[in-house]
Amino acid sequence: MTSYLIKGARPYGGDAVDLLLKDGRIAAIGESLAATGAEVVDAAGLIALPGLVDLHTHLREPGREDAETVETGSRAAALGGFTAVHAMANTDPVADTAGVVEQVWRLGQEAGLVDVVPVGAVTVGLAGERLAELGAMADSAARVRVFSDDGHCVADPALMRRALEYVKALDGVVAQHAEEPRLTVGAQMHEGDRSARLGLTGWPAAAEEAIIARDVLLAGHVGARLHICHVSTAGSVDILRWAKARGVQVTAEVTPHHLLLTDECAESYDPVFKVNPPLRTDADVEAVRRGLADGTIDAVATDHAPHPVEDKECEWAQARPGMLGLEQALPVVVQTMVETGLLDWRGVADRMSARPAAIGRLDGHGRPLEPGEPANLLLLDPGVRSTVDPAALASRSRNSPYAGRELPGRVVATFLRGIPTVLDGKAQR
Ligand code: DOR
Ligand code: ZN
């Protein structure tokens, strides 16, 4: 196995050191390291961070391989600096059995670019009626710990309670897509002045907040772990802060797009900006940034949602919700959180690697850059700014909301267990 000597990288943006990667681990960190036979990587000026972990990726396989496959999504993830991604369960067939989660897990192993960690559905077929075989998925080779009907809310409170009881026994977590469905019938965008003016049916903040409030109470009652997907409103951050102060085991994520974009984007009627939950107001963006900075929101998760052109380049009301995220997640966080002074590099590592790995109960990911730890890391050039060109993305889909935008920071290399999956900004397979 080739070993790699990374020269002059700055772990967490600190002083320049060398890192020796050997046998899948960080063998040494220090000044002027030498290693005969090691491949040398010049990392002068580059920031080293632990490999990123995504709690929320739609890889679309099985079923919609025209939008993304485990392999193309894995490549996008590696290029974005990720070493592990959780693959959401809303595939076709739905990942609601041990058989399907094992299939996704195996495809991830074959692609070999990131660790693909399947999420199991909470209910059979995401229908919200009967619990799926959570135990069998947890015991399978895929070792499922995160269960989610994402795309749909587990709306029935009695079923949600039952799901929390089951995952508690499995050391798992229910990741809730918080959307009270009776409040979002026909919804197209955030409900407010703009939706009224544009004549698009609104998705009120209360539809998200009502479910979060309900579910933190249920999680507290059961004593189980709850995770809230893609938090998008200021009110949600307030409820989470209240629940955490009371000791409820609740964690939450925010997407890069909810950190950067607002409902103003809908003025263009370009369906690339249609997403669920919708882009909110300036005040909401401010609140989710502050919530991420103070730890009320634990993690950044991409909600990478590839869609083929026919589902996105059409009338707004017909378009499917969702946007790409993997390749631009770190640059968006650099722009919205680092350049604003809200997070330092250790904070970025915490919110994009350590905490998501802990929530997903992943071994070997989210570990600090220290000798003896698994060599899962990325090298970032913080000085480069580049304009996003959707045609150049590794994803099979093109629905990037960042097209034409200049963003800071470029992932130069990603290492998975000591082997480069990305080098000189290029995927290695
Ligand atoms: O915008 C979204 N797209 N939100 C979801 O919850 C699901 C996702 C998808 O699967 O496309
Ligand atoms: Zn969702």
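From a predicted model like this one, the values you see are computed outputs, not experimental measurements.

The next thing to look at is the nonpolar core. One finds I6 and L379 to be the most contacted residues of the largest nonpolar core, which totals 99 residues. Discounting residues that sit within four places of it in the chain, L379 has contacts with I6, A9, V41, A43, L46, I47, A48, R410, V411, V412, A413 and F415. Listed in part, the 17 residues of the second largest apolar core include L198, C265, L279 and V332.

A separate point is the pairing of strand β14 (residues 250-254). For β14, the tally of buried residues reaches five of five residues, placing the bulk of the element in the interior. Going residue by residue along β14, you find V250, A252 and V254 tucked away on one face and T251 and E253 tucked away on the opposite face as well. As paired elements, strand β13 (residues 226-228) and β14 share three bridges and run parallel to each other. Looking at the pairing, H227 lines up with T251 of β14. Once you follow β13 into helix α7 (residues 234-245) and on to β14, the crossover reads as right-handed. One ladder, built from two bridges, connects β14 with strand β15 (residues 299-300); its direction is parallel.

For the rest of this paragraph, the subject is the site of ligand 1. Around ligand 1 lies a shell of 14 residues, among which R60, N90, H177, N276 and H307 are the nearest. One of the side-chain nitrogen or oxygen atoms of N90 is found 2.8 Å away from an oxygen atom of ligand 1. Here an oxygen atom of ligand 1 and a side-chain polar atom of H177 are 3.1 Å apart. Here ligand 1 has 290 Å² of accessible area as a free molecule, and 95% of this is covered by the chains. When each cavity is represented as a set of grid points, ligand 1 is found to reside in the largest pocket. Class assignment of the residues belonging to the shell around ligand 1 gives a composition of three nonpolar, eight polar and three charged.

Below, the discussion takes up the UniProt feature "binding site: Zn(2+) 1" (unreviewed entry) in the protein chain. The sites that UniProt annotates as "binding site: Zn(2+) 1" (unreviewed entry) are H56, H58, D150 and D303. Spatial clustering of the annotated residues is evident: they stretch over 248 residues in sequence, but the largest pairwise C-alpha distance comes to 9.7 Å. Of the annotated positions named here, the largest pocket is lined by H58, D150 and D303. With respect to the helices, strands and loops of the structure, H58 is situated in the loop between β6 (52-57) and α1 (70-79). Apart from residues lying up to four places away in sequence, H58 is in contact with E68, M88, N90, D150, D303, H304, A305 and P306. At 3.0 Å, the side chain of H58 forms a polar contact with the side chain of D150. Structurally, the position occupied by D303 is in the loop between β15 and α10 (309-312).

Scoring rules and cut-offs
- Residues numbered from 1 in each chain as written.
- Chains lettered and ligands numbered in written order.
- Predicted model: local features only at pLDDT ≥ 70, side-chain atom pairs only at ≥ 80, totals over all residues.
- Heavy atoms only, no water.
- Core = buried A, V, L, I, M, F, W, Y, C linked by side-chain atoms within 4.5 Å.
- Buried < 20%, exposed > 50% of the residue type's maximum accessible area, 1.4 Å probe, protein only.
- Contact = heavy atoms within 4.5 Å.
- Helix = DSSP H or I, 4+ residues; strand = E, 2+ residues; numbered from the N terminus.
- Pairing = 2+ DSSP bridges.
- Right-handed = clockwise from strand over helix to strand, strands pointing away.
- Near = heavy atom within 4 Å.
- Polar contact = N/O pair within 3.5 Å; in protein donor to acceptor, adjacent residues only side chain to side chain.
- Areas by Shrake-Rupley, 256 points an atom, 1.4 Å probe, with all protein chains shown as cover.
- 1 Å grid on protein atoms, 1.4 Å probe; cavity = no way out; pocket = protein on both sides within 12 Å on 5 of 7 lines; lining within 4 Å.
- Sits in = over half its atoms within 2 Å of the grid points.
- Nonpolar A, V, L, I, M, F, W, Y, C, P; charged D, E, K, R; others polar.
- UniProt positions renumbered as here; feature names shortened; annotations may be inferred.

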